[in-house]
Amino acid sequence: GAVVSQHPSWVICKSGTSVKIECRSLDFQATTMFWYRQFPKQSLMLMATSNEGSKATYEQGVEKDKFLINHASLTLSTLTVTSAHPEDSSFYICSARDRPGQEFTGELFFGEGSRLTVL
Amino acid sequence: GNSVTQMEGPVTLSEEAFLTINCTYTATGYPSLFWYVQYPGEGLQLLLKATKADDKGSNKGFEATYRKETTSFHLEKGSVQVSDSAVYFCALSVRYGQNFVFGPGTRLSVLP
């Protein structure tokens, strides 16, 4: 089946630095990717929808200048946490949906997740 | 709008016990329904899915039937194992609609 890969799977950084997380669709083209944040023992919170070739759509309450999203190609979206602080520590998960025009399954394919710890 | 409700747990069972995790939904349009599983420290994996009424999704001994009349997609397994301990998310997706909609997740712990 389709595979989505995230990198890095975990990262530790100092407060004030920026961290980039990559999300790649390995065997299909994804015009739309989604970024989620998950706090311990909680469900996924949608942060933004990443559209190839256009600006990301952010959910209410998510700072677009804090969480920069770039979807430069059909197989890669990146999330950059700028000037990270300890409260940004979390598990970040990306997902991708099949390219429109293909048979619709509605299924989302998830990356393995990236655990960010800000000291 | 679209929404998913599922029992929040946590659910604790002994090995080989029968499992049911209830899931009901509201949706405009005709949704596809999914169960995703998240093992500790990992992302989400698709467990099973159903795209139309009366379809039964099944995988790894888990089953769920798309019931349009009761707007439900309950997850069942006849005999759980310790390795089934995880968080289970019920979800729906509507064609041409916005985003996936997840339930809150149900944490399952299976004791030996």
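Residues numbered from 1 in each chain as written. Chains lettered and ligands numbered in written order. Predicted model: local features only at pLDDT ≥ 70, side-chain atom pairs only at ≥ 80, totals over all residues. Heavy atoms only, no water.

A closer look at the overall build of chain B
Counting secondary structure elements, chain B contains zero helices and twelve strands. Along chain B, helices and strands appear, N-terminal first, in the series β-β-β-β-β-β-β-β-β-β-β-β. Against the compact-globule benchmark of 13 Å for 112 residues, chain B has a radius of gyration of 13 Å, which places it among compact chains. The burial tally for chain B puts 46% of its 112 residues in the buried class. Residue pairs in contact within chain B that sit at least 24 positions apart in sequence constitute 56% of those at least 6 positions apart. Taken as a whole, chain B presents about 5300 Å² of accessible surface, with 49% of it coming from carbon and sulfur. In chain B, the 9 positive side-chain charges and the 10 negative ones have mean positions that sit 9 Å from each other. (Helix = DSSP H or I, 4+ residues; strand = E, 2+ residues; numbered from the N terminus. Rg over C-alpha atoms; globule rule 2.2 N^0.38 Å. Buried < 20%, exposed > 50% of the residue type's maximum accessible area, 1.4 Å probe, protein only. Contact = heavy atoms within 4.5 Å. Areas by Shrake-Rupley, 256 points an atom, 1.4 Å probe, with all protein chains shown as cover. Lys, Arg positive; Asp, Glu negative; His and termini not counted. Charge placed at Lys NZ, Arg CZ, Asp CG, Glu CD.)

Topic: the pattern of salt bridges
Residue and element names in this part refer to chain A. As enumerated under the stated definition, the model contains five salt bridges over all chains in all. Note that lysine 66 is salt-bridged to aspartate 88, the shortest N-O span being 2.7 Å. Pair noted here: lysine 66 is in the loop between strand E6 (57-58) and strand E7 (67-73) and aspartate 88 is in the loop between strand E8 (76-81) and strand E9 (90-97), with a separation of 22 residues, a long-range link. Residue lysine 66 is classed as buried on the basis of its relative accessible area, which comes to 12%. (Salt bridge = Lys/Arg side-chain N within 4 Å of Asp/Glu carboxyl O.)

With respect to the sheet that holds strand E1 (residues 4-7) of chain A
Residue and element names in this part refer to chain A. Taken in spatial order, the four strands of this open sheet run E1-E3-E8-E7, and their pairing is antiparallel. The open sheet terminates on both sides in strands that have one partner only, identified here as E1 and E7. Between one strand axis and the next, the sheet turns through 15° on average, direction left out of account. Both strand E3 (residues 19-25) and E8 contribute to a ladder of six bridges, which runs antiparallel. By the bridge assignment, lysine 20 is partnered in E8 with threonine 80. (Pairing = 2+ DSSP bridges. Axes fitted to C-alpha atoms, helices over the stretch in contact; angles between N-to-C directions.)

Details of the state of the cysteines
The final tally for this structure, using the stated rule, is two disulfides over all chains. Cysteine 23 of chain B shares a disulfide with cysteine 90 of chain B; S-S distance 1.9 Å. Around the S-S axis, the bridge from cysteine 23 of chain B to cysteine 90 of chain B shows a dihedral of about -70° and counts as left-handed. Note that cysteine 23 of chain B is positioned in strand E4 (residues 23-26) and cysteine 90 of chain B in strand E10 (residues 86-94), a separation of 67 residues in sequence. Each member of the pair, cysteine 23 of chain B as well as cysteine 90 of chain B, is classed as buried. Here cysteine 13 of chain A is not disulfide-linked; the sulfur of cysteine 94 of chain A is the nearest cysteine sulfur, at 18 Å. (Disulfide = S-S within 2.5 Å.)

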